[in-house]
Amino acid sequence: MIENYKPLDKNKRYLITGVAGFIGFHLAKRLLDEDCFVIGLDNLNNYYDVNLKKDRLNIIKQYNKFKFYYADLQDKQALEKIFKENKIEKFIILPEEEKQKISKNSRKKV
Ligand SMILES: NC(=O)c1ccc[n+]([C@@H]2O[C@H](COP(=O)([O-])OP(=O)(O)OC[C@H]3O[C@@H](n4cnc5c(N)ncnc54)[C@H](O)[C@@H]3O)[C@@H](O)[C@H]2O)c1
């Protein structure tokens, strides 16, 4: 049995950063298949083939409950706009480099 398991809350709005990436795409698609509302952000960097990312986006853009923002997670203005335009309740950060920055900063504060 998995402890602390909480069933998916379908009424929440999810923001997924790195949504065109491997994990972000599959997570977004899974949530959309469950009829959740997903807001996706990605800077479509060229770490690997950008066309693969665009192909993934084209799949999830077909869902009515998906909204995409082409932006960088470091862009404060873009993030403010996203939060202003959407009632976001769950924030999922996937890009590895961004997770490392957050982890480093939070360690500094301790
Ligand atoms: N792929 C795996 O098998 C796997 C397994 C375990 C853990 N993970 C973890 O999951 C996370 C995602 O992995 P992935 O394989 O989906 O990587 P990925 O490179 O396919 O996806 C990352 C996405 O984030 C976007 N991105 C990067 N920096 C950004 C920024 N500053 N602003 C906006 N978008 C940005 C990229 O364009 C890309 O589309 C990573 O933290 C990785 O360590 C992946």
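For the structure, check the block above.
Just so it is clear, the model here is predicted, and its values are computed rather than measured.

1. Quick word on the sheet that holds strand β2 (residues 37-42)
Each strand in a sheet pairs with its neighbour through backbone hydrogen bonds, running either in the same direction (parallel) or in the opposite one (antiparallel). Ordered in space as β3-β2-β1-β4, the four strands form an open sheet in which the pairing is parallel. Whereas interior strands pair on both sides, the edge strands pair on one side only; in this sheet they are β3 (66-70) and β4 (90-93). Between one strand axis and the next, the sheet turns by 15° as a mean value, whatever way the strands run. Bridge analysis of β2 against β3 gives five bridges, and the strand direction is parallel. For Val 38, the partnering residue across the bridge sits in β3 and is Phe 66. Contacts from helix α1 (residues 22-33) reach β1 (13-17), β2, β3 and β4, with the element oriented near 165° to β2.

2. Considerations on the site of the ligand
Taken together, 23 residues lie near the ligand, and Gly 18, Gly 21, Ile 23, Leu 73 and Pro 95 sit nearest. In terms of residue count, the dominant contributor to the shell around the ligand is helix α4 (residues 96-109) (four residues). Partitioning the shell around the ligand into residue classes produces nine nonpolar, seven polar and seven charged.

3. Examining unusual backbone geometry
Unusually for a residue other than glycine, Asp 35 sits at a positive phi of about 75°. Relative to the assigned elements, Asp 35 resides in the loop between α1 and β2. Under the C-beta neighbour-count criterion, Asp 35 is labelled exposed, with 12 such atoms within 10 Å. With phi around 45°, Leu 44 is a residue other than glycine that occupies positive phi space. Mapped onto the fold, Leu 44 is located in the loop between β2 and α2 (50-60). On the basis of neighbour counts, which here come to 14 C-beta atoms within 10 Å, the residue Leu 44 falls in the partly exposed class.

Quick notes on the rules
Residues numbered from 1 in each chain as written. Predicted model: local features only at pLDDT ≥ 70, side-chain atom pairs only at ≥ 80, totals over all residues. Pairing = 2+ DSSP bridges. Helix = DSSP H or I, 4+ residues; strand = E, 2+ residues; numbered from the N terminus. Axes fitted to C-alpha atoms, helices over the stretch in contact; angles between N-to-C directions. Contact = placed C-beta atoms within 7 Å. Near = placed C-beta within 6 Å. Nonpolar A, V, L, I, M, F, W, Y, C, P; charged D, E, K, R; others polar. Buried ≥ 20, exposed ≤ 12 C-beta atoms within 10 Å, placed from the backbone.

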